[in-house]
Each structure stands twice: as C-alpha cells, then as structure tokens.
Amino acid sequence: MGDGTTVILDENGTKRALTRIAHEILERNKGVSDLVLVGIRTGGVHIARELALRLEEIEGESVAVGEVDITLYRDDIKGHASHLPVGKTDIPFSLEGKKVVLVDDVLYTGRTIRAAMDAVMDHGRPDSIQLAVLIDRGHRELPIRADFVGRNVPTSQKEIIQVQFNDESRPVDVLLQK
C-alpha cells in the first residue's frame, strides 16, 4: 500500500489474535461461569461477538454479549451532549456478581474505557471488570491498562489505527495510516 497505509494485521492475523485473547480470558477466569462480554459501540461490539463465538467453540457454552454506548459519559463533550447522536446501550442481563470483560477494538488514551466503565457501573455492580482490546496503540492519558491485548502497536500521535470490518461485521484487516 503505497499511500502511507500499512496492514498491521491481516484477516488471518486478526483471527489468531482473537483466538489467543479468548484462550487468555478462559485461563484467567477458569472458564465461562459468570462471565459476560460488553462491547463498546461500535467496533468493540463486533470484536465482543467474535470473542463470544470463539469462547463457545472452545468451551461448548455460550457467553452473553451486551453493548454499551458511551456518548453521554464522555468527558470531552460537556455542554455539547445534546447535539451528539446517542447510540443504544443494550445489556439484557444482570451484571450483579458477574465477571465483565469490556471489549474495544483500539485502546488509545483510555478515556473511552473510563467512560465505558462508568456506563457499566450504572447498570449494576459486577464482581470485576476486565479489558480486552484488539490493538493497544499507547499514548494513555489515564491509568488504564488492558488485561487482554491482541497486538501492541507503538504509534505516533499523528498516526491512525483503523480496524476494517466486512459486510458481516467481522474484523478483517487492521491498518496503520501514517
């Protein structure tokens, strides 16, 4: 790709990373008992669904998947929230006593994750919240660290990481744009 774009994970690499994350989640949590996944809209929701498929393949048991929209929890929109489109938060199960794995596609400053944790806590009090991300690109502004990472990709502030999804909302390529 001569336009300053580099494929850092192709479709097979993405699949391998998600399978490894699924195994790490199972190992840390000793299976899927009381485990739920909550994807951050929108990329994190797609990644959470993929992880749920892999967890079920491995364990033979399904894992509930919810989704959270963090628009109203963001700290960079005070006073502008009424102008932003708000997506849907859909957590159709209780979080009380659950091990919640919060899922996002790219971890950057940590502000999205902080907002998502606030949103999750407004829906109940889980036993724990863990974080799974496909890509960790660094540049944290808050003390947030992922428990499960598909790939660490050191970037400059100017570079952009983009996870591409196919028509079925499955992740295919991860691109780095310089």
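For clarity, every value in this text was computed on a predicted model and none was experimentally measured.

Asker: Describe the overall build of the protein, and please don't skip the residues or the numbers.
Answerer: Broken down by element type, the protein carries three helices and eight strands. Taken from the N to the C terminus, the helices and strands of the protein come in the order β-α-β-α-β-β-α-β-β-β-β. Here the C-alpha radius of gyration of the protein, 16 Å, is about what a compact globule of 178 residues would show, namely 16 Å. Dimensions along the principal axes, computed over C-alpha positions, put the protein at roughly 50 × 45 × 30 Å. Relative to its 178 residues, the protein shows a buried fraction of 46%. In the protein, the share of contacts with a sequence separation of at least 24, taken over all contacts with a separation of at least 6, comes to 69%.

Asker: Any details on helix α3 (residues 111–121)? Residues and values, ideally.
Answerer: Think of an α-helix as 3.6 residues a turn; residues three or four steps apart then line up on the same face. Along α3, the residues that are buried comprise I113, A115, A116, A119 and V120. Seen along its axis, α3 keeps its buried residues to an arc of 160°; they face one direction. Buried positions along α3 lie against β2 (35–40), β3 (64–68), β4 (99–107) and β5 (128–136).

Asker: Tell me about the side chain of D136, and please be specific about residues and values.
Answerer: For D136, the position within the fold is in strand β5. Residues contacting D136, with those up to four places away along its chain left out, are L107, V149, R151, N152 and V153.

Asker: Provide a residue-level description of helix α1 (residues 11–29), including the pertinent values.
Answerer: Over its 19 residues, α1 runs 27 Å from end to end, which matches the ideal 27 Å to within 8%, given 1.5 Å per residue. Taken together, the buried positions of α1 are G13, T14, A17, L18, I21, A22, I25, L26 and N29.

Asker: Go over the sheet that holds β3 with me, naming the residues and quoting the values.
Answerer: The strand order across the open sheet built from five strands is β3-β2-β4-β5-β6, with neighbouring strands paired in parallel fashion. Because the sheet does not close on itself, it has two edges, and the strands there are β3 and β6 (148–152). Going across the sheet, the axis of each strand differs from the next one's by a mean of 25°, ignoring polarity. Note that β2 and β3 share five bridges and pair parallel. Paired with L37 across the two strands is V65, which belongs to β3. Here helix α2 (residues 43–59) sits on the sheet in contact with β2, β3, β4 and β5, set at roughly 155° to β2. Across the sheet, α3 lies against β2, β3, β4 and β5, angled at about 155° from β4, the strand it touches most.

Cut-offs applied
Residues numbered from 1 in each chain as written. Predicted model: local features only at pLDDT ≥ 70, side-chain atom pairs only at ≥ 80, totals over all residues. Heavy atoms only, no water. Helix = DSSP H or I, 4+ residues; strand = E, 2+ residues; numbered from the N terminus. Rg over C-alpha atoms; globule rule 2.2 N^0.38 Å. Buried < 20%, exposed > 50% of the residue type's maximum accessible area, 1.4 Å probe, protein only. Contact = heavy atoms within 4.5 Å. Arc of directions from axis to C-beta. Expected span 1.5 Å × (residues − 1). Pairing = 2+ DSSP bridges. Axes fitted to C-alpha atoms, helices over the stretch in contact; angles between N-to-C directions.

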